[in-house]
Amino acid sequence: MATTDRQATTLALAHALSAAERGLAVIPLSRTKLPALRSPHRDDPHPAGPPCHGECGRFGHGVHDASTDPARIRALFAAALRATGYGIACGLPPHHLIGVDLDTKAGADSSVAQRELALRHLFTIPATVVVLTPSGGRHLWLSGPPDAVVPNSAGRLAPGIDIRGAGGYLVGPGSRTDRGVYMAAPGTAHLPPAACPPALLRLLLPPPRAHHPTPPSTGGHGRGLVQFVLAAHEGQRNTRLFWAACRAYEDGIGPALVDPLVDAARTTGLSEREARATIASAARMTGH
């Protein structure tokens, strides 16, 4: 088994280096499709600031470790002894990759849903890289414009259609997982990611966020905390809100910043009840 794993790691590294030559930033993945390196902060107490995205200089920050540098990629795989695959980071230059994941789970016919979506919004998917998944699904690789930040989503466009955008990653072809091997569809491996059709891109981008002014008494620091919450992605909204509220109370501007923080949190997708409960927890934590 150990020999098989070493062979799988060597093969995954070779595929990852090949992808990097095409300008695709990569990280090692385990058989579960998760990043193969554990976080160096897993045993840290509650962080005093924003989450570390690699500023500490150590490996183990998931997609934030992604690189096209061959030396760094080899170092990542040398540290990830059980890696059997690799992930390709989305949203990074030069391709600004967007992944359309047509899944087969829960009985959804995502291919039909994708065709209906294309007919309804008058777009076609151009010839591009298609990766076949072990479960019978497909990943379509598209390229977005540099100034567009496409968020990750699951089933928002239609049942069975997930989107991998900024902060997400796609399992690269040649990766071996518990379910099997990911493979490029015949005739597509040599293609560059095709430009995302404008009509589809409009569906993928979030609606413009309304401007939420902060009371003048909170100053620039208060505006910075509100912007910190507004920049939260799904999965970090409560954490960012809690941290910002703690800083606000510690700096004496907590009461004045409650409503702007609630408005910012609602913009990111939290309910008002969730936001106010999180801010109340921050007030208790800081002795207010």
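Residues numbered from 1 in each chain as written. Predicted model: local features only at pLDDT ≥ 70, side-chain atom pairs only at ≥ 80, totals over all residues. Heavy atoms only, no water.

Peptide bonds are mostly trans, and most non-glycine residues show a negative phi. At the junction of Pro93 and Pro94, the peptide bond is cis and its omega measures out at 5° in the coordinates. Here Pro94 is to be found in the loop between strand 2 (85-89) and strand 3 (97-102). We note that His96 has phi near 50°; this positive angle belongs to a residue other than glycine. Mapped onto the elements, His96 comes out in the loop between strand 2 and strand 3. For Leu122, which is not glycine, the phi dihedral falls at a positive 60°. (Helix = DSSP H or I, 4+ residues; strand = E, 2+ residues; numbered from the N terminus.)

Right, let's get into the environment of Glu55. As for its position among the elements, Glu55 is in the loop between strand 1 (26-29) and helix 2 (70-79). Residue class for Glu55 comes out exposed when judged on its relative accessible area of 62%. Along the chain, Glu55 and Ser175 lie 120 residues apart, while their C-alpha atoms are 28 Å from each other. From its side chain, Glu55 meets the backbone nitrogen of His53 in a polar contact 2.6 Å long. (Buried < 20%, exposed > 50% of the residue type's maximum accessible area, 1.4 Å probe, protein only. Polar contact = N/O pair within 3.5 Å; in protein donor to acceptor, adjacent residues only side chain to side chain.)

In this section: the sheet that holds strand 1. Picture the strands of a sheet paired through backbone hydrogen bonds; they go either parallel or antiparallel. Judged by pairing direction, the sheet is antiparallel, and its three strands sit side by side in the order 1-2-8 without closing on themselves. At either end of the open sheet lies a strand with only one pairing partner, and these are strand 1 and strand 8 (169-171). Here the strands of the sheet are splayed against their neighbours by 35° on average, with no regard to which way each runs. Across three bridges, strand 2 lies against strand 8 in antiparallel orientation. Bridge pairing links Ile88 to Leu170 in strand 8. The sheet contacts of helix 2 involve strand 1 and strand 2, and relative to strand 1 the element is tilted by about 15°. (Pairing = 2+ DSSP bridges. Axes fitted to C-alpha atoms, helices over the stretch in contact; angles between N-to-C directions. Contact = heavy atoms within 4.5 Å.)

A separate point is the pairing of strand 3. The side chains of a regular strand alternate between the sheet's two faces. Across the six residues that make up strand 3, a large majority, six, are buried. Residue alternation in strand 3 divides its side chains into two sets, Leu97, Gly99 and Asp101 and Ile98, Val100 and Leu102, and both sets are buried. Here strand 3 pairs with strand 7 (residues 161-164) via four bridges, running antiparallel. Looking at strand 7, one finds that Asp101 is bridged to Asp162.

Turning to helix 8 (residues 272-285), a few remarks are in order. For helix 8, spanning 14 residues, the distance from its first C-alpha to its last is 20 Å, which sits close to the expected 20 Å at 1.5 Å a residue. Those residues of helix 8 lying buried are Ala275, Thr278, Ile279, Ala282 and Ala283. Viewed along the axis of helix 8, the buried residues span an arc of 145°, placing them on a single side of the element. Structural note: helix 8 exposes Arg273, Arg284 and Met285 on the side pointing more than 90 degrees away from its buried face. Looking at the buried positions of helix 8, the neighbouring elements they touch are helix 6 (237-250) and helix 7 (254-268). Once helix 8 finishes, Gly287 follows within two positions and takes phi at roughly 85°, a positive value. (Expected span 1.5 Å × (residues − 1). Arc of directions from axis to C-beta.)

Turning to the side chain of Thr128, a few remarks are in order. Within the secondary structure, Thr128 is located in the loop between helix 3 (110-121) and strand 4 (130-132). There is a polar contact of 2.4 Å between the side chain of Thr128 and the backbone oxygen of Trp141. What Thr128 contacts, discounting residues up to four positions off in sequence, is Trp141, Leu142, Thr188, Leu191, Pro192, Pro193 and Ala194.

Looking now at helix 3. With twelve residues, helix 3 extends 16 Å between its outermost C-alpha atoms, agreeing within 8% with the 16 Å of an ideal straight helix rising 1.5 Å per residue. Listed in full, the buried residues belonging to helix 3 are Ser110, Ser111, Ala113, Gln114, Leu117 and Ala118. The arc that holds the buried residues of helix 3, viewed along the axis, is 160°, so those residues lie on one side. Along helix 3, exposed side chains directed more than 90 degrees from the buried face belong to Leu119 and Arg120. Looking at the buried side of helix 3, the elements it contacts are strand 3, strand 5 (138-143), strand 6 (153-158), strand 7 and helix 4 (198-204). Leu122 occupies a position one or two residues after helix 3 and carries a positive phi of about 60°.

Glancing now at the packing of helix 6 against helix 8. Where helix 6 meets helix 8, the closest approach of the two axes is 8 Å, and the angle between their N-to-C directions is 45°. Relative to helix 8, the element helix 6 is oriented oblique. By crossing handedness, the relation of helix 6 to helix 8 is classed as right-handed. Note on element contacts: helix 8 touches helix 6 through Glu274, Ala275, Thr278, Ile279, Ser281, Ala282, Ala283 and Met285, opposite Asn238, Leu241, Phe242, Ala245, Cys246 and Tyr249. Here the residues of the contact of helix 6 with helix 8 sort into ten nonpolar, three polar and one charged. (Parallel < 35°, antiparallel > 145°, perpendicular 65-115°, else oblique. Left-handed = near helix turned anticlockwise from the far one by under 90°. Nonpolar A, V, L, I, M, F, W, Y, C, P; charged D, E, K, R; others polar.)

That's the geometry; what it means functionally is another story.
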